[in-house]
Amino acid sequence: MKIHFCKLDELEVGPVTKYIDKIKDELIVFKDLISGDIKAFSSICPHHGGPIKYSKKKLVCYWHNFQFDCRTAECINHNTNLKLREQKILIENGSIFII
């Protein structure tokens, strides 16, 4: 499976969030400001299903303020093993694809 997500240059403006029907999940794709890597994670919080947004080099759920590391997707502000689901991507011809 290879699904077009967005053009690579769209990430220069900021993160892109989109629902992908084929995988039944909403994803957030962004360029990590520390490493420069392109990352893709579920934008649905594993705590109670709240929306995840990119904020100041971390991913934050606005319902209960669960915060996740942008590189590992692990929760960084609660003593829990919750983690965002990472999605594999392919960068090809200036586009980002979900694989």
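Fair warning: this is a prediction, and the values are worked out from it, not measured in the lab.

A few words on the environment of C75. Note on placement: C75 falls in the loop between β7 (67-69) and β8 (89-92). Under the relative-accessibility criterion, C75 is labelled buried at 11%. Considering only alpha carbons, one finds C75 and I44, 31 residues apart in sequence, at a separation of 13 Å. Leave out the neighbours within four places in its chain, and C75 touches F66, Q67, F68, T80 and L82.

Taken in spatial order, the three strands make up an open sheet running β1-β9-β8, and their pairing is antiparallel. The open sheet terminates on both sides in strands that have one partner only, identified here as β1 (3-7) and β8. On average, each strand axis in the sheet is tilted by 30 degrees relative to the strand beside it, whichever way the strands run. The sheet contact formed by β8 and strand β9 (residues 95-98) spans four bridges and is antiparallel. Across the sheet, I89 pairs through a bridge with I98, a residue of β9.

With that out of the way, let us pick up the pairing of strand β5 (residues 52-55). Summarising the sheet, β5 and strand β6 (residues 58-61) pair through four bridges and their orientation is antiparallel. Residue pairing for β6: S55 is matched across the bridge by K58. Counting the residues between successive antiparallel strands, the hairpin from β5 to β6 contains two residues, one of them, K56, with a positive phi of roughly 50 degrees.

Definitions and cut-offs
- Starting afresh in each chain, residues are numbered from 1 along the sequence in its written order.
- Predicted model: local features are reported for residues with pLDDT of at least 70 only, side-chain atom pairs are reported and counted for 80 or more only, and whole-chain, interface and lining totals are derived from all residues.
- No hydrogens and no water enter the side-chain calculation; it runs on all heavy atoms of the structure.
- What counts as a helix is a DSSP run of H or I of at least four residues, what counts as a strand is a run of E of at least two, and both are numbered from the N terminus.
- Here's how the labels work: a residue is buried when its accessible area is under 20% of the maximum for its type, exposed when over 50%, partly exposed in between, all with a 1.4 Å probe on protein chains only.
- Working rule for contacts: check all heavy atoms of both residues, and any pair within 4.5 Å makes them a contact.
- For two strands to count as paired, DSSP must find a minimum of two bridges between them.
- Axis angles are defined between N-to-C directions and span 0 to 180 degrees, where every axis is a line fitted to C-alpha atoms and, for a helix, only to the segment in contact.

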